[in-house]
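Residues per chain are reported as follows:
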Amino acid sequence: APASVPRVSALRGRVALVTGAARGIGAATAERLAQEGARVVLLDVPALQEALGATAARVGGEALALDVTAPDAPARLVEELKGRHGGVDVVVHNAGITRDRTLAKMTPEAWDQVLAVNLAAIVAADDALLASGALRDEGRLVYLSSISGVAGNFGQTNYAATKAALIGYVAALAPRLAPRGICANAVAPGFIETAMVAKMPLMTREVGRRLNSLSQGGLPRDVAELITFLGSPGAYGLTGNTVRACGQGLI
Ligand code: NAI
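These figures come from a predicted structure and were not determined experimentally.

## Description of the packing of aromatic side chains
Part 1 of the argument: Summed over all chains, the structure comprises one aromatic pair.
Part 2 of the argument: Seen from their ring centres, Tyr 143 and Tyr 169 are 5.5 Å apart, and the 85 degrees between their planes marks the pair as edge-to-face. With a gap of 26 residues between them, Tyr 143 in strand S5 (residues 135-144) and Tyr 169 in helix H6 (residues 157-177) connect regions that are remote in the sequence. Neither Tyr 143 nor Tyr 169 differs from the other in exposure class; each is buried.

Set out below in structure tokens:
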């Protein structure tokens with residue numbers, strides 16, 4: 001927004017968790033949530049501890065080095081969020097990985113890894129946050145689906161399956177949480193310029209950019225803006241949805 005437009009601190013006093021926040025969409029989201037006044041816990045793998053610490057310091061949040069697939073991750077999250085912060089209001093399940101292979105080369109390991117990070121770890125974390133009461137009433141859950149989960153994508157049978165799963169997950173979860181005022185929504189970005197897509201072949205990246213009606217890749221902050229809205233009190237009327245954020249209206 002132009003600098004002259006005053007910002008409303010919609011998230012003052014709220015606690016937010018962003019997984020996969022060392023870089024990319026997660027880092028941009030943590031930054032926007034902090035700008036809205038949230039106390040932000042930025043989580044990422046111990047291997048990225050340095051980058052995570054730098055991002056957390058820049059954003060003014062707290063770093064939590066934790067692999068979401070670790071067996072004790074759900075308990076650690078409860079301990080951190082309920083124990084240290086008294087609860088959590090906004091959870092952004094952003095951590096995700098690709099293990100792209102053509103169908104002929106797809107391996108069981110590539111399936112297992114992608115299912116573990118992109119789906120199983122999310123469900124386990126949610127179960128723990130709900131069962132422990134760490135997630136407060138009026139809470140906001142936001143999930144990173146993908147255009148790949150809506151339309152599929154070459155070499156991504158495993159990834160597309162997990163991203164489609166989240167669309168069904170929020171739809172089924174939302175009515176269960178509505179009595180507590182909790183909203184659960186997913187966002188489905190198209191091609192966003194991050195480290196995740198930088199390792200794709202050049203041709204794949206070009207196709208990704210051109211599928212966007214703006215003929216360019218999206219930016220992490222574009223998605224962060226939408227996630228921040230879905231994480232705010234004002235999004236109380238939206239739940240169970242998957243919002244496409246990709247400029248790919250025709251898919
Ligand atoms: P990225 O690779 O730049 O960032 C993902 C972060 O998640 C990394 O910092 C990584 O260390 C972290 N992470 C991975 N496994 C983890 C684990 N086991 N525990 C904790 N943290 C872990 O990727 P990007 O592009 O920022 O993606 C963020 C999310 O957005 C992902 O879920 C991705 O699938 C989704 N997405 C990305 C799109 C894109 O074009 N970049 C398009 C659609 C969805």
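Still to come is the rest of the account.
## Considering the packing of helix H3 (residues 73-84) against helix H4 (residues 108-131)
Part 1 of the argument: Relative to each other, H3 and H4 sit at 45 degrees, their axes nearing to 9 Å. Judged by the inter-axis angle, H3 sits oblique to H4. Of the two elements, H3 crosses H4, and the hand of that crossing is right-handed. For the pair formed by H3 and H4, the contact residues are Pro 74, Leu 77, Val 78 and Leu 81 on the first element and Ala 124, Ala 125, Ala 128 and Leu 129 on the second.
Part 2 of the argument: When grouped by side-chain class, the residues that make up the contact of H3 with H4 number eight nonpolar, no polar and no charged.

## Structural notes on a nonpolar patch on the surface
Part 1 of the argument: Together, Met 203, Val 207 and Leu 211 line one region of the surface with nonpolar side chains, adding up to about 310 Å² of accessible area.
Part 2 of the argument: In this structure, Met 203 sits in helix H8 (residues 202-211).

Definitions and limits used
- Residues numbered from 1 in each chain as written.
- Predicted model: local features only at pLDDT ≥ 70, side-chain atom pairs only at ≥ 80, totals over all residues.
- Heavy atoms only, no water.
- Phe/Tyr/Trp six-rings, centres within 6.5 Å; stacked < 30°, edge-to-face > 60°.
- Helix = DSSP H or I, 4+ residues; strand = E, 2+ residues; numbered from the N terminus.
- Buried < 20%, exposed > 50% of the residue type's maximum accessible area, 1.4 Å probe, protein only.
- Axes fitted to C-alpha atoms, helices over the stretch in contact; angles between N-to-C directions.
- Parallel < 35°, antiparallel > 145°, perpendicular 65-115°, else oblique.
- Left-handed = near helix turned anticlockwise from the far one by under 90°.
- Contact = heavy atoms within 4.5 Å.
- Nonpolar A, V, L, I, M, F, W, Y, C, P; charged D, E, K, R; others polar.
- Patch = residues over 30% accessible without salt bridge, like charges linked within 9 Å, V, L, I, M, F, W, Y side chains within 5 Å.
- Areas by Shrake-Rupley, 256 points an atom, 1.4 Å probe, with all protein chains shown as cover.
- Salt bridge = Lys/Arg side-chain N within 4 Å of Asp/Glu carboxyl O.

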